[in-house]
Amino acid sequence: MPASPRFPLLLIGSFLALYLVWGSTYLFIRIGVASWPPMLMAGIRFMVAGSLLYAFLRWRGAPAPTWQQWKAAGCIGFLLLSCGNGGVTVAEHAGVASGVAALAVATVPLFTLLFSLWFGHRNTRLEWAGILLGLVGIGLLNLGSNLQSSPMGSALILFAAASWAFGSVWSKKLPLPQGAMASAAQMLVGGAVLLLGSLVSGERMTAMPTAAGWGALAYLIFFGSILAFSAYMYLLKHVRPAAATSYAYVNPAVAVLLGIAFAGETVGPAECLAMAVIIGAVVLIGLPQWRKQEGALTR
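For clarity, every value in this text was computed on a predicted model and none was experimentally measured.

1. A word on the overall build of the protein
- When its secondary structure is counted, the protein shows 13 helices and zero strands.
- Ordered by position in the sequence, the α and β elements of the protein form the string α-α-α-α-α-α-α-α-α-α-α-α-α.
- Considering the protein as a whole, with its 299 residues, one finds that 54% of them fall into the buried category.
- A separation of at least 24 residues holds for 89% of the contacts in the protein among residues at least 6 apart in sequence.

2. Side note on the packing of helix α1 (residues 9-32) against helix α12 (residues 251-263)
- Running from amino to carboxyl end, α1 crosses α12 at an angle of 40°, the nearest separation of the two axes being 8 Å. In terms of orientation, α1 lies oblique with respect to α12. At the point where α1 passes α12, the crossing takes the right-handed sense. Taken together, the residues of α12 that come into contact with α1 (itself represented by L18, Y19, L20, W22, G23, S24, Y26 and L27) are N251, V254, A255, L258, G259, F262 and A263.
- Class assignment for the residues of the contact of α1 with α12 results in 11 nonpolar, four polar and no charged.

3. Brief notes about the side chain of R45
- As for its position among the elements, R45 is in helix α2 (residues 38-59).
- In this structure R45 is buried but unpaired, with E92 as the nearest side chain of opposite charge at 8.6 Å.
- For R45, the side chain forms a polar contact with the main-chain oxygen of G224, separated by 3.4 Å.
- Excluding residues that lie within four positions of it along the chain, R45 makes contacts with I29, N85, L217, L220, I221, G224 and S225.

4. Observations concerning the side chain of S171
- Within the fold, S171 resides in helix α8 (residues 151-171).
- Beyond its immediate sequence surroundings of up to four residues, S171 is in contact with I76, L176, L236 and K237.

5. Points about the nonpolar core
- The biggest cluster of nonpolar side chains holds 69 residues, and the ones touching the most others in it are L18, W22, L80, W164, F229, Y232 and Y247.
- In terms of residue count, the dominant contributor to this core is helix α10 (residues 211-238) (11 residues).
- In this structure, F229 is in contact with W22, L80, L81, W164, S183, Q186, M187 and G224, ignoring residues within four places of it in sequence.
- One finds L140, A274, M275 and I279 within the second-largest nonpolar core, a separate group that totals 10 residues.

6. Quick notes on helix α5 (residues 108-116)
- Within α5, eight of the nine residues are buried, which leaves the element mostly enclosed by the surrounding structure.
- When we look at burial in α5, the residues that qualify are V108, P109, L110, F111, T112, L113, F115 and S116.

7. A look at the environment of L113
- Along the chain, L113 falls in helix α5.
- Residues L113 and I285 lie 172 residues apart in sequence; the distance between their C-alpha atoms is 8.3 Å.

8. Things to note about the environment of S35
- The topology assignment puts S35 in the loop between α1 and α2.
- The buried category is assigned to S35, whose relative accessible area is 16%.
- Distance in space between the C-alpha atoms of S35 and L217 is 9.9 Å, their sequence separation being 182 residues.
- If we ignore the near neighbours within four places in the chain, the residues touching S35 are M205, P209, T210 and G213.

9. Section: the confidence of the model for the protein
- The predicted model of the protein has a mean per-residue pLDDT of 83, with 87% of residues at 70 or higher.
- Averaged over each element, pLDDT in the protein is lowest for helix α7 (residues 145-148) (56) and highest for α2 (96).
- Low pLDDT, under 50, characterises residues 1-6; the predicted model gives this stretch five contacts beyond four residues in sequence or across chains.
- Per-residue pLDDT stays below 50 along residues 294-299; that stretch engages in two contacts with residues further than four places along the chain or on separate chains.

10. Things to note about the environment of M233
- Within the secondary structure, M233 sits in helix α10.
- Taking the C-alpha atoms as reference points, M233 and S14, 219 residues apart in sequence, are found 9.4 Å from one another.

11. Some thoughts on the packing of aromatic side chains
- Summed over the entire model, instances satisfying the criterion amount to 15 aromatic pairs.
- Here the aromatic rings of F56 and W59 are separated by 6.1 Å at their centres, their planes lie at 40°, and the arrangement is tilted. With F56 and W59 both in helix α2 and three residues apart, the pair spans about one turn of that helix.
- What makes F56 partly exposed here is its relative accessible area of 40%.
- A centroid spacing of 5.3 Å and a plane angle of 40° characterise the contact between W164 and Y232, whose relative ring orientation is tilted.

Cut-offs and rules
- Residues numbered from 1 in each chain as written.
- Predicted model: local features only at pLDDT ≥ 70, side-chain atom pairs only at ≥ 80, totals over all residues.
- Heavy atoms only, no water.
- Helix = DSSP H or I, 4+ residues; strand = E, 2+ residues; numbered from the N terminus.
- Buried < 20%, exposed > 50% of the residue type's maximum accessible area, 1.4 Å probe, protein only.
- Contact = heavy atoms within 4.5 Å.
- Axes fitted to C-alpha atoms, helices over the stretch in contact; angles between N-to-C directions.
- Parallel < 35°, antiparallel > 145°, perpendicular 65-115°, else oblique.
- Left-handed = near helix turned anticlockwise from the far one by under 90°.
- Nonpolar A, V, L, I, M, F, W, Y, C, P; charged D, E, K, R; others polar.
- Lys, Arg positive; Asp, Glu negative; His and termini not counted.
- Salt bridge = Lys/Arg side-chain N within 4 Å of Asp/Glu carboxyl O.
- Polar contact = N/O pair within 3.5 Å; in protein donor to acceptor, adjacent residues only side chain to side chain.
- Core = buried A, V, L, I, M, F, W, Y, C linked by side-chain atoms within 4.5 Å.
- pLDDT = per-residue confidence, 0-100.
- Phe/Tyr/Trp six-rings, centres within 6.5 Å; stacked < 30°, edge-to-face > 60°.

Structural data, given as structure tokens:
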């Protein structure tokens, strides 16, 4: 049955890529950092994905970004990929479980609303209630044994969420390249920054990556980067930022289940309670956004 005009197939596919593919990337990052230094792996991931996507788009006739577009894409690539995804990768290397990392990143919609205030957005009472509830969830999450055992990982994962949220909001105001070229340019700049960070921090390969390490990198390049990140940039251009970040509803559950099933991870009572509170907060925040969209579509 074809999708109705209200829910075009490209929009549905983009949301599914974010919900399911990005939910699985936390496990593949966990597998990858067992073989790769974290910033090196993330840098290679985005440089390869960005180069492939850029070459394909140029071959298809897409115009090269202008200097202004490169600068805009560089700013967003630094925030979303170098700080956001890079922070998650380093945090998982520091010992943060993949499911807990996904749960911490579920706070992105909270930070998104807070940063949106700087750009003139006014929050409703329901949204403020969601923000306050989300802060309680963050506190509960930090009471869990997982983040307490890795204070640096805890700080990194929240910094990554805040960086991703600010970049997502700011991207709406910048002259980014059209279509998937925005993703390619951001991945090239973000990947270059991560490789520079790897070099400066003294990361070194001590052994050849395992087959699982190579497989994880390939999955992150083709599915986690080219497919899912392009879907995210598409949604940022066509829906409100809070709706684009609604993958936070699903990603923690997907990541926790995969981490338990394939990585032997455990989630304690504090983390379980934090998951319920944070997802509840994201639901409160999302309700006004979805109501506005539905109202606009029915006019």
